[in-house]
Structure formats: structure tokens, C-alpha cells
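Coordinate analysis (summary)
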Amino acid sequence: RSQVSYGKAAGFVKQARRSSMKQPGAPTKRRASIDFALEPTTVEIPAVPIDNDTENSNFNWMKAEEYKKIEKDNHKIVRAIEKGTDKNFCTRGLEGRLDRNVERTKLEARQAVWEEQMRQKKESIYDEAKLREKYHFVVMQSQLEAAERAEQDTAEVENYLRSTRRM
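The following paragraphs examine the structure supplied in this document.

About the thresholds
- Residues numbered from 1 in each chain as written.
- Predicted model: local features only at pLDDT ≥ 70, side-chain atom pairs only at ≥ 80, totals over all residues.
- Heavy atoms only, no water.
- 1 Å grid on protein atoms, 1.4 Å probe; cavity = no way out; pocket = protein on both sides within 12 Å on 5 of 7 lines; lining within 4 Å.
- Points joined across faces, edges and corners; volume = space filled by probe spheres on them.
- Helix = DSSP H or I, 4+ residues; strand = E, 2+ residues; numbered from the N terminus.
- Buried < 20%, exposed > 50% of the residue type's maximum accessible area, 1.4 Å probe, protein only.
- Polar contact = N/O pair within 3.5 Å; in protein donor to acceptor, adjacent residues only side chain to side chain.
- Patch = residues over 30% accessible without salt bridge, like charges linked within 9 Å, V, L, I, M, F, W, Y side chains within 5 Å.
- Areas by Shrake-Rupley, 256 points an atom, 1.4 Å probe, with all protein chains shown as cover.
- Salt bridge = Lys/Arg side-chain N within 4 Å of Asp/Glu carboxyl O.
- Lys, Arg positive; Asp, Glu negative; His and termini not counted.
- Charge placed at Lys NZ, Arg CZ, Asp CG, Glu CD.
- Contact = heavy atoms within 4.5 Å.

1. With respect to the layout of surface pockets
- When its volume is computed, the largest pocket comes out at roughly 470 Å³.
- Counting only elements with at least two residues in the lining of the largest pocket, the list comes to α3 (95-98), α4 (100-122) and α5 (128-165).
- Of the residues forming the lining of the largest pocket, the biggest block, nine residues, is contributed by α5.

2. Some details on the side chain of Q120
- Among the structural elements, Q120 can be located in helix α4.
- According to the relative accessible area criterion, Q120 is buried, its value standing at 2%.
- Polar contacts involving the side chain of Q120 include one to the main-chain amide nitrogen of D127, which spans 2.8 Å.

3. Focus on a positive patch on the surface
- Together, K72, K76, R79 and K83 make up a region of like positive charge exposed at the surface.
- Its place among the elements puts K76 in helix α2 (residues 64-83).

4. Concerning a nonpolar patch on the surface
- There is a patch of nonpolar side chains on the surface, built from F137, M140 and L144 and spanning about 350 Å² of accessible area.
- Counting through the fold element by element, F137 comes out in helix α5.

5. Focus: the side chain of N74
- Assignment of secondary structure puts N74 in helix α2.
- On the accessibility criterion, N74 (19% relative accessible area) is buried.
- Beyond its immediate stretch of four places on either side in the chain, N74 contacts L94 and R97.

6. Remarks on the pattern of salt bridges
- A full pass over the atoms with the stated rule returns six salt bridges.
- Note that E108 is salt-bridged to R104, the shortest N-O span being 3.2 Å. Taken together, the residues E108 and R104, both in helix α4 and four residues apart, mark about one turn of the helix.
- E108 sits in the partly exposed class, given a relative accessible area of 37%.
- Under the relative-accessibility criterion, R104 is labelled partly exposed at 44%.
- Look at the salt bridges and you will find they share partners, linking E116, R119 and E123 into a network.

7. Focus on the environment of E133
- Mapped onto the elements, E133 comes out in helix α5.
- The exposure class assigned to E133 is partly exposed, which follows from its relative accessible area of 47%.
- Spatially, the C-alpha atoms of E133 and A112 are 9.8 Å apart, while their sequence positions differ by 21 residues.

Structural measurements only, silent on function.
Rendered as C-alpha cells:
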């Protein structure tokens, strides 16, 4: 079991309530309020076994139907882009499905680590630094590209915030 501690600024959202002052025929209004705990509290969270099955591992924080819909939508977007559809799709997060080099890089990284493990096994040694070095050498370009995308995202968000704050 895990425990999570919340400090003085920890907040929680109260259940939405119905207003007791309602005009006949008027729509029911729901109100949510936020209260802050005055004292730190600890909440026990039961351990959830981690499922290595990709399809099921995300169900810890989303419903199965939601996950399947997202996967279906992503698949449609990838197919449309591969067909050359002229629509403007947001491809953030889909790079691994669109770029064929991603799969090749993953395989090369696994192969490099496996070969190093076999070499170390023959020599009866274990050098995790060398394993890490082999892996990082193969994935270095992908890491640089990811860092560039992160910088672009940061710049876009800053520009967006600057423009919305001027309004």
C-alpha cells in the first residue's frame, strides 16, 4: 500500500449540490466548491498491480471505453496522414506511430543492450554503466529530437499565454 500526504494547501472538491432555492420550471443549478484542509492528512491508497499489457495498463486512470476510443481516433488520424489527407491534424504524441525510424531505433536499442548483456555474461561481469552507455548511444538522436519538440512546445505555450494575457 502507498500513502499520500497532503499539506496545509491541499484541496478537495466537494460533491456538487442542488440549490434549495429553485423556481418552478427553472433548470437545476449545481454548485461545486473547494475547501482547503487545515491540517495535513494521510490517505491510504491500495497498491494496484502494474499490468505490462499495454492495452490494460492505462485502465488504472481511465475507463476502458475511453481508452479504446482514443486508440481508435489515433489510428484514424495516422491512417489519414499516411494517405495524404490534406486536413490539419495535431500529431503531438503520435510521432512513434508516424515515424518509421522510431520502431527501428527501439529495436536497435534492444539489440545493443542484449549484445552487451551477452558479452558481459560470457566474461562473467556485470557493468550497468556500459549497458546504459550502449542504450544511450543508440537513442541519442531521438532524445535530441524530443528535446527540440519540448522547446518548441514551450515557446508556443509562452506565445499563447502572452497573447491571452493581453486581452
